Amino acid sequence: NAGVTQTPKFQVLKTGQSMTLQCAQDMNHNSMYWYRQDPGMGLRLIYYSASEGTTDKGEVPNGYNVSRLNKREFSLRLESAAPSQTSVYFCASSERVRETQYFGPGTRLLVL
Amino acid sequence: EDQVTQSPEALRLQEGESSSLNCSYTVSGLRGLFWYRQDPGKGPEFLFTLYSAGEEKEKERLKATLTKKESFLHITAPKPEDSATYLCAVQARAGGTSYGKLTFGQGTILTVHP
């Protein structure tokens with residue numbers, strides 16, 4: 001099993017450009033999450049999906065949208081990228097909400 | 001608001017020199033405390049979950065313990081391959097709008113020299 005996979009691994013955007021970060025899991029988990037990790041800030045939850053068909057905001061949702069495409073896939077979209085969105089983005093999944101979360105390898109995003 | 005503070009920020013050890021990492025937390029009813037290991041350029045890797053004060057869990061050279069206010073990650077006779085950032089996170093007990101959110105500390109960067 002690959003676990004949680006994320007694409008792309010690295011991306012450079014110009015301010016105002018849009019992009020979608022992709023995440024997929026093969027563990028048959030119900031819940032999926034998007035975090036961002038910034039120096040000195042720790043990991044912060046952007047959005048989560050408790051189960052297929054549902055999505056909810058986390059701590060820092062502004063500037064992002066998400067889509068739970070099916071049970072396996074959860075994407076994060078930046079409609080108009082800003083330099084403040086330069087970060088490392090991690091996707092995670094868990095069997096159910098409040099169970100152990102397993103993380104993907106991350107996407108490093110640089111917005112110029 | 002849930003808070004997690006890890007100390008020290010960085011720790012340098014010689015191979016074989018045992019030590020402990022601290023995770024202090026405040027949470028509105030603890031459901032679980034999680035330890036993760038993160039290698040440079042990688043995602044966090046799950047190590048342990050602790051649910052109640054007095055609980056201990058071990059894995060190879062690592063032992064995690066939990067009290068009502070803090071958790072310790074004890075590293076016995078560390079090796080260079082134990083070098084990583086160790087992250088602590090808490091999850092509040094169910095109720096209200098709880099949704100399994102993890103509140104992370106900023107991590108402790110551990111370097112073990114041969």
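Going by the structure above, here's the rest.
Just so it is clear, the model here is predicted, and its values are computed rather than measured. (Residues numbered from 1 in each chain as written. Chains lettered and ligands numbered in written order. Predicted model: local features only at pLDDT ≥ 70, side-chain atom pairs only at ≥ 80, totals over all residues. Heavy atoms only, no water.)

**Q** An account of the interface of chain A and chain B is requested, with residue identities and associated values reported.
**A** If you look at the interface, chain A gives 21 residues, while chain B gives 22 residues. Across the chain A/chain B interface, buried area totals approximately 1,700 Å², and carbon plus sulfur atoms make up 55% of it. Summed over the shared surface of chain A and chain B, the result is one salt bridge. Only strand S4 (31–38), strand S5 (42–49) and strand S10 (102–103) of chain A provide two or more residues apiece to the side of chain A that touches chain B. Of all the elements, S5(A) adds the most residues to the side of chain A that touches chain B, at four residues. Classifying every residue of the side of chain A that touches chain B gives nine nonpolar, seven polar and five charged. (Contact = heavy atoms within 4.5 Å. Buried area = accessible area lost by both parts, 1.4 Å probe. Salt bridge = Lys/Arg side-chain N within 4 Å of Asp/Glu carboxyl O. Helix = DSSP H or I, 4+ residues; strand = E, 2+ residues; numbered from the N terminus. Nonpolar A, V, L, I, M, F, W, Y, C, P; charged D, E, K, R; others polar.)

**Q** Lay out the sheet that holds strand S7 (residues 64–68) of chain A in plain terms, naming residues and giving numbers.
**A** Residues and elements named next belong to chain A. One open sheet accounts for four strands, arranged S1-S3-S8-S7; its pairing is antiparallel. Of all strands in the sheet, those bounded by a partner on one side alone are strand S1 (4–7) and S7. On average, each strand axis in the sheet is tilted by 20 degrees relative to the strand beside it, whichever way the strands run. (Pairing = 2+ DSSP bridges. Axes fitted to C-alpha atoms, helices over the stretch in contact; angles between N-to-C directions.)

**Q** Can you tell me about the pairing of strand S11 (residues 108–113) of chain B, naming the residues and giving the values?
**A** All names here are of chain B. Burial of the side chains of S11 is restricted to one face: Thr-108, Leu-110 and Val-112 are buried, whereas none of Ile-109, Thr-111 and His-113 on the reverse face is. Here strand S2 (residues 10–14) pairs with S11 via five bridges, running parallel. Bridge pairing in S11 links Ala-10 to Ile-109. Judged from the three bridges that link them, strand S9 (residues 84–92) and S11 form a sheet pairing that is antiparallel. Note on S11: the bridge partner recorded for Tyr-86 is Thr-108. (Buried < 20%, exposed > 50% of the residue type's maximum accessible area, 1.4 Å probe, protein only.)

**Q** Could you give an account of the state of the cysteines, with specific residues and numbers?
**A** Scanning all chains against the criterion turns up two disulfides over all chains. Here A:Cys23 pairs with A:Cys91 through a disulfide, and the sulfurs are 1.9 Å apart. Around the S-S axis, the bridge from A:Cys23 to A:Cys91 shows a dihedral of about -70 degrees and counts as left-handed. Highlighted residues: A:Cys23 in strand S3 (residues 19–25) and A:Cys91 in strand S9 (residues 87–94), separated in sequence by 68 residues. Across this residue pair, the class does not change: A:Cys23 and A:Cys91 are buried. The disulfide partner of B:Cys23 is B:Cys88, and the gap between their sulfur atoms is 1.9 Å. (Disulfide = S-S within 2.5 Å.)

**Q** Describe a nonpolar patch on the surface, with residues and values.
**A** Residues and elements named next belong to chain A. A cluster of nonpolar side chains, namely Phe-10, Val-12, Leu-110 and Leu-112, defines an oily patch on the protein surface of about 360 Å² accessible area. Structurally, Val-12 is set in strand S2 (residues 10–13). Assessed through its relative accessible area of 37%, Val-12 is described here as partly exposed. (Patch = residues over 30% accessible without salt bridge, like charges linked within 9 Å, V, L, I, M, F, W, Y side chains within 5 Å. Areas by Shrake-Rupley, 256 points an atom, 1.4 Å probe, with all protein chains shown as cover.)

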